[in-house]
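# Observations on the model geometry
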Amino acid sequence: MLEVRGLSKHFGGVRAVDGIDFSIRPGEVFGLIGPNGSGKSTTVNLVCGLYQPTAGEILFEGKDIAPVPTHRRLSLGLARTFQNIRLFANLTVWENLWMAENAPSHRAETRFLKRWIGGRSDARERITKALEFSGLAHRADDLAGSLAFGEQRRLELARALAAKPRLLLLDEPAAGMNAEEIAQLDERIRALQQQGYTILLIEHHMELVMAVTDRVCVLNFGRKIAEGTPAEVQADPAVREAYLGTAQ
Amino acid sequence: MDFYYSLAQIIGFHTLLGLSAYIVLQTGQVSLAQAGFFAIGAYVAGMLTVLAGWHLVPAMLVAGLGAALMACLVGFPALRVRGLMLVIATLAFGEAVRLFFFNFDYQIAKGEVKIGPLGGEGFRQIRWFPENGWTSLEVMLFVWTVVALVAGALWWNDRSRFGAVLRAVGEDEVAAQSVGINLTAVKVTAMTIGGFIAGLGGAIYAHYTTHIEHLNFNVLLATFAIAYPILGGLRSVFGTIVAAIFVQGFLVEGLRFLGDWRNLLFGALIVLAMNLRPHGLIDAATARRLARLFSREQWRGEQRRA
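Residues take numbers from 1 onward in each chain, read along the sequence in its written order. To label them, take the chains in the order written and letter them from A, then take the ligands in the order written and number them from 1. Note on the predicted model: pLDDT of at least 70 is required for a residue's local features to be given, and 80 or more for side-chain atom pairs to be given and counted; whole-chain, interface and lining totals, by contrast, use all residues. The side-chain values count all of the structure's non-hydrogen atoms but skip hydrogen atoms and water molecules.

### Observations regarding the overall build of chain A
Helix and strand definitions follow DSSP, with helices as H or I runs of at least four residues and strands as E runs of at least two, each counted in order from the N terminus. Scanning chain A for helices and strands turns up 10 helices and 10 strands. Restricting the contact set of chain A to residue pairs at least 6 apart, pairs at least 24 apart contribute 66%. On chain A, roughly 10,800 Å² of surface is accessible, and the fraction owed to carbon and sulfur atoms is 50%. Contacts are assigned to residue pairs that have any heavy atoms within 4.5 Å of one another. Surface accessibility follows the Shrake-Rupley procedure with a 1.4 Å probe radius. Residue values consider only the protein chains on display as shielding.

Okay, here's the thing in structure tokens:
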């Protein structure tokens, strides 16, 4: 589904991502973990096009997506959420989801003018469904900025899903969540996998990663230090060293 | 009474100028080029009615299209820069337009006299209204019909998805890209529409004043253009209209007796407004509260239908 080969991103002399390889199979939940500053978020930003790679290739469904501008990657089937929630705070919950309906994948359905004038009614059903799935139906008319933190996270996920992606990039979805919310998130990720989504999960919260992922890739200082099932990775001495330091 | 008709005309074309900045500001772009587009509209419309003998309405449309074309061309390079750099770039464009008209001579002989733009002397004889026997009242009604059409179109656009897209880009460009919005296309479109509206306003201005010169289109005018929507808030076109009425009707005309102190008060009021109402007189929350006040059920129904 997604294949990353020798991917590098250097900021001046800083090698934020330094020649990593991994590949995600259709239908799996793939974890990308590592200590702070190990290059996880940079990798996501490379995959969704916010950064251009210094070197290496990103293949999505066998196609090199390096020349595809960010806003078109959504229609390829790539959607994401952000580590620090990025909603349109002064737009309503409804409008936030409406924006994702801008995806060219929906464009074929109606002509431009019809979408401009009556786009709402076309998108209505999909948005209503997405709101119900996220438990936000009662807040549809409220400004996104007025939502509680957990609700904002759910809305952001709903917005990413509104574009019907095939690969979903979740950048630290558990950040700032309490135990109960993390349990809900765990369920939600499993539910999404059941529905056929492929997921790239970037996360700090180890319990969640170990519980929901099929395979994990561990980064440290921009390099891949381990890859495998959660159990294999946990047993890897290099991973222990990266997280806990060397035993003297 | 003529004084009030005339004041209403002034407020009218200032409102158009403000609305032209309103749609650009919605995408988060602070453009000081609006006075330049206004100038292009003024000169093009003036030349068409005076030199080519056109009717005002087609001349206005062509003036608007000309300004829109220019805005589109400026939009591509200028919108690649952001924030303060965009302010500087658009300011430079506005000044370039002004200096162009400072040096622009195009006169043709009409009987005894030569007419047309004459560089620093300006462009006189734009007398389409008096020549066709329009009264002050008729001109005022005409001006406000145009304002109503433009404001109505923008009001409707604010309710459309494209309107929401504009605001989404203004809110967060990274998030907008990630939901599939083409930033360049949206920003350049907003700039082009803004240019068209400014062109219409300039066309009206030229025929209101009958004499235009480069100094009319200076930085002060560009500042006014963005002051109206900032003062009025970016959530509703009514904010911009109210702000134009307030500034031109009250601050500029009403406080004329204060002399030079007026400008000081104007600056102080902008500072005050930015502190008290950082998102404009009518911000998102106020706009929603007003909407609910007027028709709670209707509003909800509209959202549900949507």
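### Examining the sheet that holds strand β8 (residues 198-202) of chain A
Residue and element names in this part refer to chain A. Pairing between strands is defined by DSSP: at least two bridges between the two strands are required. The mixed open sheet is built from 6 strands, whose spatial order is β6-β7-β8-β3-β9-β10. This sheet does not close on itself; its edge strands, each paired only once, are β6 (78-81) and β10 (223-228). The mean inter-strand angle of the sheet, taken between neighbouring strand axes irrespective of direction, is 15 degrees. Where strand β7 (residues 167-171) lies against β8, 5 bridges are found, and the strand directions are parallel. Directly across from L169, in β8, lies its bridge partner L200. To get an axis, a line is fitted to the C-alpha atoms, and for a helix only the part in contact is used. The angle between two axes follows their N-to-C directions and goes from 0 to 180 degrees.

### Points about the nonpolar core
Note on terminology: a nonpolar core comprises buried Ala, Val, Leu, Ile, Met, Phe, Trp, Tyr and Cys residues joined through side-chain atoms within 4.5 Å. Only protein chains enter the accessibility calculation, which uses a 1.4 Å probe. A residue is then buried if its area is under 20% of the maximum for its type, exposed if over 50%, and partly exposed in between. Residues M99 of chain A together with I181, I212 and F217 of chain B are the most contacted members of the largest nonpolar core, which totals 100 residues. Of all the elements, helix α9 (residues 183-209) of chain B adds the most residues to this core, at 12 residues. Membership of the second largest hydrophobic core comes to 27 residues, among which are I33, Y197, I199 and V216 of chain A.

### Details of the packing of helix α7 (residues 161-171) of chain B against α9 of chain B
Residue and element names in this part refer to chain B. Running from N to C, α7 and α9 point in directions that differ by 110 degrees, and their axes come no closer than 10 Å. By the angle between their axes, α7 is roughly perpendicular relative to α9. Between α7 and α9 the crossing geometry is left-handed. On the side of α7, the interface is formed by F162, V165, L166 and V169, while α9 contributes L183, V186, K187, T189, A190 and I193. Nonpolar residues are Ala, Val, Leu, Ile, Met, Phe, Trp, Tyr, Cys and Pro. Charged residues are Asp, Glu, Lys and Arg, and all others, Gly as well, are polar. Looking at the contact of α7 with α9 residue by residue, the classes come out as 8 nonpolar, 1 polar and 1 charged. In these notes the angle categories are as follows: under 35 degrees is roughly parallel, over 145 is roughly antiparallel, 65 to 115 is roughly perpendicular, and the rest is oblique. By definition, turning the near helix anticlockwise from the far helix through less than a right angle yields a left-handed crossing, and turning it clockwise yields a right-handed one.

### With respect to the state of the cysteines
In protein chemistry, a disulfide is the covalent bond that joins the sulfur atoms of two cysteines. Residues and elements named next belong to chain A. A pair of cysteine sulfur atoms is labelled a disulfide when the two atoms are within 2.5 Å. Throughout the structure, instances matching the rule amount to 0 disulfides over all chains. The thiol of C48 is not disulfide-bonded; the next cysteine sulfur, from C217, is found 17 Å away. Take C217: its relative accessible area is 0%, and that puts it in the buried class.

### Remarks on the sheet that holds strand β2 (residues 14-24) of chain A
Whether parallel or antiparallel, the strands of a sheet pair through hydrogen bonds between backbone atoms. Residues and elements named next belong to chain A. Spatial strand order, β2-β1-β4-β5: 4 strands in an open sheet with antiparallel pairing. Two strands close off the open sheet at either side, each with one partner strand: β2 and β5 (63-64). Examined bridge by bridge, strand β1 (residues 2-11) and β2 share 8 bridges and lie antiparallel to one another. Residue pairing in the sheet places V4 in a bridge with F22 of β2.

### Structural notes on the environment of S134 of chain A
All names here are of chain A. Relative to the helices and strands, S134 is located in the loop between α5 (112-133) and α6 (149-162). Accessibility expressed as a relative area gives 3% for S134, which makes it buried. Sequence separation between S134 and R190 is 56 residues, and the spatial gap between their C-alpha atoms is 14 Å.

### Quick notes on helix α1 (residues 2-26) of chain B
All names here are of chain B. Spanning 25 residues, α1 covers 36 Å between terminal C-alpha atoms, matching the ideal 36 Å at 1.5 Å per step. Within α1, 21 of the 25 residues are buried, leaving the element largely enclosed by the surrounding structure. Remark: G28 follows α1 within two positions and exhibits a positive phi of approximately 85 degrees. A helix is expected to span 1.5 Å for every residue after the first.

### Some details on the domain arrangement of chain A
Residues and elements named next belong to chain A. On domain assignment, one finds that chain A holds domain 1 (1-77 + 165-248) and domain 2 (86-164). Taken together, the contacts link 16 residues of domain 1 with 15 residues of domain 2. Summed over both partners, the interface of domain 1 with domain 2 buries about 1,300 Å², with 68% contributed by carbon and sulfur atoms. The term buried area denotes the loss of accessible surface (1.4 Å probe radius) that occurs when two parts are joined, taken as the sum for both partners. Of all residues in domain 1, L74, P165 and R188 give up the largest surface area on contact with domain 2, accounting jointly for 40% of the area buried on that side. For this analysis, a polar contact is any N or O atom pair within 3.5 Å, provided that within protein one partner can donate a hydrogen and the other can accept it, and provided that sequence-adjacent residues contribute only side-chain to side-chain pairs. At the boundary of domain 1 and domain 2, one finds 3 residue pairs in polar contact (both at pLDDT 80 or more). How far each domain reaches was decided by an automatic or database domain assignment.

### Re unusual backbone geometry
Although it is not a glycine, E61 of chain A adopts a positive phi angle of roughly 50 degrees. Within the secondary structure, E61 of chain A sits in the loop between β4 (55-60) and β5. Judged by relative accessible area, which is 41%, E61 of chain A ranks as partly exposed. Phi is positive for Q125 of chain B, which is not a glycine, with a value near 60 degrees. Mapping Q125 of chain B onto the fold places it in the loop between β2 (113-115) and α5 (128-131).

### Quick word on a nonpolar patch on the surface
Residue and element names in this part refer to chain B. Here a patch means residues that are over 30% exposed by relative accessible area and free of salt bridges, tied together within 9 Å if like-charged and within 5 Å if nonpolar (Val, Leu, Ile, Met, Phe, Trp, Tyr). A pair is scored as a salt bridge if a Lys or Arg side-chain nitrogen falls within 4 Å of a carboxyl oxygen belonging to Asp or Glu. A surface patch of nonpolar side chains, amounting to about 390 Å² of accessible area, comprises M1, F3 and Y4. Within the secondary structure, Y4 is located in helix α1. Judged by its relative accessible area of 52%, Y4 is exposed.

### Considering the packing of aromatic side chains
In this description, a pair of aromatic rings is defined by centroid distance and the angle of the planes. Note on aromatic pairs: the rings of Phe, Tyr and Trp (six-membered ring only in Trp) are paired at centre separations within 6.5 Å, and the planes decide the class, stacked below 30 degrees, edge-to-face beyond 60, tilted for the rest. The tally for this structure, following the rule as stated, stands at 23 aromatic pairs over all chains. Aromatic ring contacts, followed pair by pair, group F13, F38, Y43, F100, F101, F104, F123, Y205, Y208 and F217 of chain B into a single cluster. A cation over a ring is seen here: R159 of chain A above F88 of chain A, with NZ or CZ 4.9 Å from the ring centre. In this scheme, Lys NZ or Arg CZ marks a charge over a ring once it lies within 6 Å of the ring centre and within 35 degrees of the ring normal.

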